[in-house]
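# Fold and geometry: a report
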Amino acid sequence: MTTAALPPFRTAVRHGGVGQVPLPHPDERHALRRIDWAATSSAAFYRSLEAALDPAPVSGRPDPLHNPYTPGAGRRPPELAGREIPLRRFDLLLDRVAHGRPDRSVLLTGPRGVGKTVLLDTFRSMASGRMWGTGGFETRPGHSLRRPIATAVHTALRELAPRHRAPERADHALGVLKSFVLASPAPAAGAGRGAVPRRRPVVDAVAVRGQADSGDLETDLADLFTAVASVATDLGVGICLLADELHDASHDDLSALCAACHRMARSGAPLVVVAAGLPDLPRALSTAKGYADRLFQHLGLGPLDRAATEHALVAPARARGVAFTPEALDELYRATGGHPFLVQSCGRAAWDLAEGATIRRADARAAVAEVKDEIGLHGDAPAPSRPASVAGAGRRPGTRHGPADSPPGAHTAS
Ligand SMILES: Nc1ncnc2c1ncn2[C@@H]1O[C@H](COP(=O)(O)OP(=O)(O)OP(=O)(O)O)[C@@H](O)[C@H]1O
Ligand SMILES: [Mg+2]
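Residues numbered from 1 in each chain as written. Chains lettered and ligands numbered in written order. Predicted model: local features only at pLDDT ≥ 70, side-chain atom pairs only at ≥ 80, totals over all residues. Heavy atoms only, no water.

## Brief notes about the overall build of the protein
Here is the rule we go by: The secondary structure listing takes helices from DSSP runs of H or I that are at least 4 residues long and strands from runs of E that are at least 2 residues long, numbered from the N terminus. Burial classes: relative accessible area under 20% of the type maximum marks a residue as buried, over 50% as exposed, and values in between as partly exposed (1.4 Å probe, protein chains only). We call two residues contacting when some pair of their heavy atoms lies within 4.5 Å. The method behind every accessible area is Shrake-Rupley, applied with a 1.4 Å probe, and residues are considered shielded solely by the protein chains displayed.
Of the regular secondary structure elements, the protein holds 14 helices and ten strands. Relative to its full complement of 414 residues, the protein shows a buried share of 44%. Within the protein, contacts between residues separated by at least 24 positions form 76% of all contacts whose residues are at least 6 apart in sequence. Here the protein displays about 20900 Å² of accessible surface, and carbon together with sulfur accounts for 53% of that area.

## Topic: the side chain of E331
On the secondary structure map, E331 appears in helix 12 (residues 326–336). Leaving out residues up to four positions away in the same chain, E331 has contacts with R361, A364 and R365.

## Brief notes about the packing of aromatic side chains
Aromatic ring pairs are reported here in terms of the distance separating the ring centres and the angle at which the planes meet. Which entries qualify depends on this criterion: Stacked, tilted and edge-to-face are the three classes applied to pairs of Phe, Tyr and Trp rings, where Trp contributes its six-membered ring and a pair requires centres within 6.5 Å; stacked means planes under 30 degrees apart, edge-to-face means over 60, and tilted covers the rest.
Under the counting rule described, the total for this entry stands at three aromatic pairs. The interplanar angle of 75° and the centroid separation of 6.4 Å between the aromatic rings of Y69 and W351 together place this pair among those described as edge-to-face. On the criterion of sequence distance, the pair formed by Y69 in the loop between helix 2 (42–53) and helix 3 (84–98) and W351 in helix 13 (residues 340–353) is long-range, its members being 282 residues apart. Each member of the pair Y69 and W351 is classed as buried. On the basis of an interplanar angle of 10° and a centroid distance of 4.2 Å, the ring pair of F90 and F123 is categorised as stacked. Of this pair, F90 sits in helix 3 while F123 is found in helix 4 (residues 116–129), placing the two residues 33 residues apart along the sequence. A residue is classified by how much of its surface remains accessible, and F90, at 2% relative accessible area, is buried.

## Concerning a negative patch on the surface
Counted only if it meets this: Put simply, a patch holds well-exposed residues, over 30% relative accessible area, that have no salt bridge, with like charges counted together within 9 Å and Val, Leu, Ile, Met, Phe, Trp or Tyr side chains within 5 Å. Note on definitions: salt bridges are taken to be side-chain nitrogens of Lys or Arg within 4 Å of carboxyl oxygens of Asp or Glu. Asp and Glu count as negative and Lys and Arg as positive, but His and the ends of the chain are not part of the count. Note on charges: their place is set at NZ of Lys, CZ of Arg, CG of Asp or CD of Glu.
On the surface, D352, E370, D373 and E374 cluster together to form a negatively charged patch. Per-element accounting of the negative patch gives the leading share, three residues, to helix 14 (residues 361–374). With respect to the secondary-structure elements, E370 resides in helix 14.

## A closer look at the site of ligand 1
Just so we agree on the cut-off: Definition of nearness: a residue and a molecule or strand are near each other if at least one heavy atom of the residue lies within 4 Å of the molecule or strand. Within 3.5 Å is the distance limit for a polar contact, defined as a pair of N or O atoms, with the added protein rule that one can donate a hydrogen and the other accept it, and that residues adjacent in sequence qualify only through two side-chain atoms.
Of all residues adjacent to ligand 1, which total 24 residues, the nearest are T70, G74, R75, K116 and T117. Between ligand 1 and R75 there is a distance of 2.6 Å, counted from an oxygen atom to a backbone nitrogen or oxygen. For ligand 1, an oxygen atom lies 3.2 Å from a polar atom in the side chain of E245. Alone, ligand 1 offers 640 Å² of accessible surface; in the complex the protein occludes 95% of this.

## Brief notes about unusual backbone geometry
If a residue is not glycine, its phi is most likely negative; likewise, a peptide bond is most likely trans. The residue M131 is not glycine, and still its phi comes out positive at about 70°. Mapped onto the secondary structure, M131 falls in the loop between helix 4 and strand 4 (133–138). By relative accessible area, M131 is classed as partly exposed at 44%. With phi around 55°, E245 is a residue other than glycine that occupies positive phi space. Assessed through its relative accessible area of 15%, E245 is described here as buried.

## Points about the pattern of salt bridges
Note that side chains of opposite charge can pair when their charged atoms are close. Within this structure, the stated rule accounts for 15 salt bridges. The salt bridge involving E355 is made with R61; its shortest N-O contact spans 3.8 Å. Of this pair, E355 sits in the loop between helix 13 and strand 9 (358–359) while R61 sits in the loop between helix 2 and helix 3; the two residues are 294 residues apart in sequence, bridging distant segments of the chain. Take E355: its relative accessible area is 59%, and that puts it in the exposed class. R61 gets classed as partly exposed once you look at its relative accessible area, which sits at 46%. Its salt-bridge partner being D234, residue R169 comes within 2.6 Å of it at the nearest N-O pair. With R169 in helix 6 (residues 167–182) and D234 in helix 7 (residues 217–235), this residue pair connects regions lying 65 residues apart in the sequence. A cluster of three or more residues bridged by salt bridges with shared partners is formed by E331, R334, R361 and R365.

## With respect to the environment of A265
For A265, the location among the structural elements is in helix 8 (residues 251–267). Classification of A265 by relative accessible area gives exposed; the value is 53%. Sequence separation of A265 and L295 is 30 residues, and the distance between their C-alpha atoms is 7.9 Å.

## Considerations on the side chain of R83
Mapped onto the elements, R83 comes out in the loop between helix 2 and helix 3. At 7.6 Å, E84 is the nearest oppositely charged side chain to R83, a buried residue that forms no salt bridge. Here V114 takes part through its backbone oxygen, which lies 2.8 Å from a polar atom of the side chain of R83.

## Side note on the pairing of strand 5 (residues 239–244)
Note the following rule: The pairing criterion is simple: DSSP has to find at least two bridges between the two strands.
Among the six residues that make up strand 5, six are buried, leaving the element largely enclosed by the rest of the structure. Burial along strand 5 is two-sided: I239, L241 and A243 and C240, L242 and D244, pointing in opposite directions, are all buried. As defined by bridge partners, strand 4 adjoins strand 5 across six bridges and the pair is classed as parallel. Its bridge partner lying in strand 5, G133 is registered against I239. The pairing of strand 5 with strand 6 (residues 271–277) spans five bridges and is parallel. If you follow C240 over to strand 6, its bridge partner there is V272.

## Things to note about helix 9 (residues 281–288)
The test is simple: Working note: the arc is built from the helix axis to C-beta atom directions.
Among the residues of helix 9, L281, L285 and A288 are the ones counted as buried. The buried residues of helix 9 occupy an angular sector of 60° when projected down its axis, which confines them to one face. Relative to its buried face, helix 9 has exposed residues pointing more than 90 degrees away, namely R283 and T287.

Here is the structure:
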């Protein structure tokens, strides 16, 4: 390392003697002067500290290049607002497994654009952070779960295998996975015409005969989960498989997945499935297996409440020296109903339209109009896979799911 990369130093006399401390940047010096070092209470001190750390307001219009909002599908928002309950629940689940007390799998449901995929990704990072093996997949209508699950399990095993002291144990699990992959039934004649054929995951292992190779998904999945969970048990961690859009799975595949999770629950194996889907998913699972509602802990996601909506809008802006007036926040909450996709969309538009460093009611109104326009809401025009209205968001036209199905914020359904 060259010394050119280091900050300039000065010699300073400190209580401990003479030493070198880095010179603060001029901006930091300015911030340090704003701290109330003589505050008579810790609350006053921290208030002044918070104020000092706020960046100086931007001069002129907010820079579109630094627009922090993230409308879209599965895009991690700058602030994951209002999801404290599911995050706490999942953290507890990880803790319980770490203490040898595996918990139920997790079902995340909610209308379109409410933040299921973002939360799945966050759960995955949390599990990876605890050194778990993780793998995710997205269900596609008309396609078996066998291959996506195989790919997810493969990813999870590849994360764990190098850490295993007995390579033959990990190789055995890979061999069971290979059998599972090879047992994929050949597509029926004429089936899937026009669809892009899906590649089998390439598993570099010798298939273990007699395990996970019956061709019956229910039997094979249970064998596969048992084999991979044993690798995690050896390492004192868990396996977390994350299934998105699970409402698209067939009745038989849901039944097989429930049966495999049931087997894990009965044996106390540390393999957890986190399944996300539209609000009808719990009913589809219960129809597939009568015990499904006791198999999963259900976290229903709804729109953000008022405080969380404000946090989602204000925190990323404040970090960049931009503020909202209370009237602008009123307008945005009223128009979006706290629907996360719309909050991000309107936040983004308001930032781009603002005339100055403070986003005002007029900017918010213009932003809402622009978003309405952008998502094609002219009268009754359909807006496929988009929320049905900026005021009553979260519903796909033709479905009955909407924010009205779920209370604000996340609630635990079981
Ligand atoms: N907690 C949150 N706070 C703020 N914004 C969020 C939050 N969760 C999600 N978002 C934003 O909402 C939008 C939709 O998120 P996501 O794609 O995860 O929804 P979804 O429920 O998976 O939708 P779909 O059912 O269509 O797949 C994204 O723009 C994302 O950045
Ligand atoms: Mg999604």
